[in-house]
Amino acid sequence: MEMHLQRLIPEFILLAMALAFLVVGFFIPKAASNGSRKTFGIVGILTALVSGASLFLPGTGTALFGMFIQDNVSVFFKGLFLIVLMFVLFTTIKYERELSQWKAEFYALLLFATVGFMFIASSSDFVSFYVALEFVAVTQYVLVAFRKETSDGVESGLKYLITGALSSGFLLYGISFIYGATGATGFTEVAAVVEAGSASNAFLLIGIGLVVIGITFKISALPFHVWAPDVYQGAPTPVAAFLAAGSKAAGFVILMRILFTALGSVKTEWMIFVAVISGATLIFGNLAAMPQKDIKRLIAYGGIGSAGYLLMAVASASSLGAGAVMFYLVVYSLSILAAFVSIVIVYNNEKSYLISAYTGLSQRSPLLAATLFISLLSMAGIPPLGGFIAKFYLIAAAVQSGLLVLAVIGVVMAIVAMYYYLLVIKSMYLRYPVNNEPIHIDGATRVVLYILNISIIFLGMYPGPLTDWVMDIATVLF
Amino acid sequence: MEQIFFYIFAVIAVVAAVSVVVSRNPVHSALFLIVCLLQVAAIFVLLRAPFLAATQVFVYVGAVMVLFLFTVLVLDIGRETVVEYMHSHAFAAVGAVVALFVVLAYIASRGTITVPQGGFSEEVLAKNVEVVGRALFTKYIFPFEVVSFLLLIALVGAIVLVMNEKGSKS
């Protein structure tokens with residue numbers, strides 16, 4: 001086996017820049033104005049672009065003695081993580097005023113976390129997966145607790161740390177059972193042992209169950225969903241966007257690798273289990289979202305609901321399901337990012353995350369209101385936006401695999417989701433604002449909002465190229 | 001013979017682990033944790049992994065636990081607050097743990113348990129440190145390096161979360 005270090009070039013680029021941020025941050029005078037530190041964000045965005053371009057250089061295959069795999073799935077997810085990173089960095093530039101100190105470290109940690117996501121997408125072994133997962137977790141514990149001078153910042157950091165540590169325990173316990181049953185840690189080796197039927201069935205079942213439960217922390221599904229609302233509320237808003245878009249995608253890529261690639265031959269054993277988690281998550285997330293007064297909490301519960309939809313496609317255990325997950329994650333990430341950019345701009349003006357602050361937004365800033373309109377409706381799944389096609393594929397995958405009850409729950413919950421997202425839209429469009437002062441949006445933000453809105457609409461009107469691509473990629477997993 | 005020792009170590013480890021959770025004094029908890037970690041090290045010896053056992057004692061019992069004890073003593077947490085916070089959900093926690101145990105035991109009792117035996121070559125037993133070192137720097141180089149970055153981030157994170165920059169209001 002060779003090292004094939006060239007397959008890690010995209011990660012190396014980001015790591016090098018993150019280390020450079022740490023060093024440069026040291027030399028920047030503390031009294032420097034906020035403006036000079038925006039450079040970090042812009043340099044970060046450019047680095048992400050370079051790293052994204054280098055994704056296509058190294059070709060596919062394993063590296064570092066089979067611990068690291070670069071295939072079409074990992075390239076797809078790495079591209080998604082880098083896109084998320086770019087928009088999160090942009091949001092951070094807009095949000096910077098709220099971060100009292102340690103700005104260089106904040107940007108560096110965002111880059112580190114993205115590298116961790118990329119490692120997760122590329123891990124082909126339980127050992128490298130667990131290490132990459134902890135890498136991300138430690139970065140995010142710090143990012144979530146960044147507003148340490150406020151009590152809700154500390155609360156969210158602590159909650160995230162405790163639930164994260166507990167879920168890691170479940171995950172490790174599960175991995176140890178799978179190792180005990182198969183005697184292997186590599187996904188392909190595990191798959192070979194399981195397929196030959198020589199694995200201990202009882203231990204394997206316990207292992208699968210515990211691993212799936214451990215991963216629900218990353219994707220904010222039941223039973224490890226409790227952190228999501230408090231963390232979204234207390235963490236810096238860019239971090240909340242990063243968790244919502246990046247962490248969920250990272251959780252799903254590894255869940256699909258473990259369940260489809262390593263344990264695909266025993267899918268009858270875990271399909272029902274995942275389906276039950278999916279149904280419970282769908283019902284809980286969407287019903288709990290209804291009474292929320294805070295827009296970040298609303299999106300958090302909505303996010304728990306979408307984890308349920310995504311798990312539905314995972315439970316279907318088909319390549320249609322895997323493709324649907326990837327398509328949904330793209331659309332969902334774009335919608336989340338559009339929503340969070342708007343939330344940050346509104347917060348800068350109103351100093352509030354309450355839904356009541358959005359009253360009459362359409363008269364104060366038509367562009368912001370339209371962005372929230374499009375992104376929230378896309379998350380609710382209304383045609384012709386991207387979210388509709390995405391949900392359609394997820395439900396189709398469930399129906400194709402005979403999970404009819406789950407599909408019905410999904411359709412009913414889509415209607416519930418429409419209700420709570422429309423409440424926000426109603427207060428933006430049909431009410432008069434308390435404060436009539438228009439919200440100023442600078443040129444760069446306008447461009448970003450236009451890009452996000454147009455891509456969400458484009459994916460809804462003309463999903464063909466992307467769906468063809470993801471369905472093609474999805475076959476790699478089986 | 002080996003099995004007798006295993007059961008001795010295992011029972012002490014489990015009892016100590018339960019005592020960590022139920023004891024009301026945080027210093028006692030820390031001391032029980034040391035007992036538990038020592039038993040785990042002993043089990044590593046039984047599993048023919050002396051290097052792992054030694055690292056377990058050095059790192060966990062030696063470094064981590066001493067730091068932990070220092071922190072507990074320096075922070076001087078009042079006993080009442082600890083008891084109030086740590087034991088307010090005792091019944092629910094015990095219920096959840098017992099339920100999880102029952103479910104796992106049920107599944108395990110339903111299926112056949114066949115665990116593949118580890119292959120101990122003479123080399124692994126005779127040159128344990130060398131074999132572990134070679135594995136870490138060849139096959140497991142990727143996780144190894146990721147862990148080194150993880151420690152760097154933990155360091156940065158600890159500084160960011162604990163230290164106040166000069167000239168800041170707080």
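Quantities reported herein were computed from a predicted structural model and do not represent experimental measurements.

Parameters and conventions
- Residues numbered from 1 in each chain as written.
- Chains lettered and ligands numbered in written order.
- Predicted model: local features only at pLDDT ≥ 70, side-chain atom pairs only at ≥ 80, totals over all residues.
- Heavy atoms only, no water.
- Helix = DSSP H or I, 4+ residues; strand = E, 2+ residues; numbered from the N terminus.
- Contact = heavy atoms within 4.5 Å.
- Areas by Shrake-Rupley, 256 points an atom, 1.4 Å probe, with all protein chains shown as cover.
- Axes fitted to C-alpha atoms, helices over the stretch in contact; angles between N-to-C directions.
- Parallel < 35°, antiparallel > 145°, perpendicular 65-115°, else oblique.
- Left-handed = near helix turned anticlockwise from the far one by under 90°.
- Nonpolar A, V, L, I, M, F, W, Y, C, P; charged D, E, K, R; others polar.
- pLDDT = per-residue confidence, 0-100.
- Core = buried A, V, L, I, M, F, W, Y, C linked by side-chain atoms within 4.5 Å.
- Buried < 20%, exposed > 50% of the residue type's maximum accessible area, 1.4 Å probe, protein only.
- 1 Å grid on protein atoms, 1.4 Å probe; cavity = no way out; pocket = protein on both sides within 12 Å on 5 of 7 lines; lining within 4 Å.
- Points joined across faces, edges and corners; volume = space filled by probe spheres on them.
- Salt bridge = Lys/Arg side-chain N within 4 Å of Asp/Glu carboxyl O.
- Phe/Tyr/Trp six-rings, centres within 6.5 Å; stacked < 30°, edge-to-face > 60°.

Asks: A description of the overall build of chain B should follow, citing residues and the corresponding values.
Replies: A count of helical and extended segments in chain B gives eight helices and zero strands. Along its sequence from the N terminus, chain B presents helices and strands in the succession α-α-α-α-α-α-α-α. Sequence separation of 24 or more characterises 59% of the internal contacts of chain B that already satisfy a separation of 6 or more. For chain B, the accessible surface area stands at approximately 11900 Å², while carbon and sulfur atoms represent 75% of it.

Asks: Lay out the packing of helix α8 (residues 201–219) of chain A against helix α5 (residues 90–110) of chain B with the relevant residues and their values.
Replies: When two helices pack together, their arrangement is given by the angle between the helix axes and the distance between those axes. For the pair α8 of chain A and α5 of chain B, the least separation of the axes is 7 Å and the interaxial angle reads 150°. Accordingly, the angle class assigned to the pair α8 of chain A and α5 of chain B is roughly antiparallel. Seen along the crossing, α8 of chain A lies across α5 of chain B with a hand that is right-handed. Of the residues in α5 of chain B, those in contact with A202, L205 and I206 of chain A of α8 of chain A are L104, I107 and A108 of chain B. Here the residues of the contact of α8 of chain A with α5 of chain B are counted per class, giving six nonpolar, no polar and no charged.

Asks: Which residues make up the confidence of the model for chain B, and what values go with them?
Replies: Residues and elements named next belong to chain B. Model confidence for chain B is summarised by a mean pLDDT of 83, while 84% of its residues fall at 70 or above. Across chain B, the element-wise mean pLDDT spans from 60 in helix α4 (residues 79–86) up to 92 in helix α8 (residues 141–162). Predicted complex metrics record ipTM = 0.89 and pTM = 0.92.

Asks: With reference to specific residues and values, describe the nonpolar core.
Replies: Of all hydrophobic cores here, the largest spans 212 residues; its most connected members are F77, F129, L259, L263, W270 and M326 of chain A. The dominant element in this core, judged by the number of residues it contributes, is helix α13 (residues 319–350) of chain A, at 22 residues. Excluding anything up to four places from it in sequence, M326 of chain A contacts V73, F76, F77, M256, V470, I473, A474 and L477 of chain A. A30, V61, M65 and L69 of chain B belong to the second largest nonpolar core, which has six residues in total.

Asks: Residue-level account of the layout of surface pockets, with values.
Replies: Taken as a whole, the second largest pocket encloses approximately 450 Å³ of empty space. Residue lining of the second largest pocket: 15 residues in total, with Y141, V142, G157 and L161 of chain A together with L161 of chain B positioned closest to the centre. At the level of secondary structure, the elements contributing two or more residues to the lining of the second largest pocket comprise α5 (126–144) and α6 (151–182) of chain A together with α8 of chain B. Broken down by element, the lining of the second largest pocket gets its largest block of residues, five residues, from α6 of chain A. By residue class, the composition of the lining of the second largest pocket is 11 nonpolar, two polar and two charged.

Asks: Break down the pattern of salt bridges for me, citing the residues and quoting the values.
Replies: All names here are of chain A. Under the defined criterion, the tally for this structure stands at 10 salt bridges over all chains. Note that D442 and K94 form a salt bridge whose closest N and O atoms lie 2.6 Å from each other. With D442 in the loop between α17 (404–429) and α18 (443–461) and K94 in helix α3 (residues 72–95), this pair connects stretches of sequence that are 348 residues apart. Put simply, K159 and E155 hold a salt bridge, and the shortest N to O gap is 3.2 Å. Of this pair, K159 and E155 both sit in helix α6, four residues apart, which is roughly one turn of that helix. Note on E155: relative accessible area 37%, which makes it partly exposed.

Asks: I'd love a proper account of the packing of aromatic side chains, names of residues and values included.
Replies: Residues and elements named next belong to chain A. Considering all chains together, one arrives at 38 aromatic pairs over all chains under this definition. Arranged with centres 6.5 Å apart and planes meeting at 75°, the rings of F112 and F135 form a pair that is edge-to-face. Of this pair, F112 sits in helix α4 (residues 103–122) while F135 sits in helix α5; the two residues are 23 residues apart in sequence, bridging distant segments of the chain. Residue classification places F112 among the buried residues on the basis of a relative accessible area of 1%.

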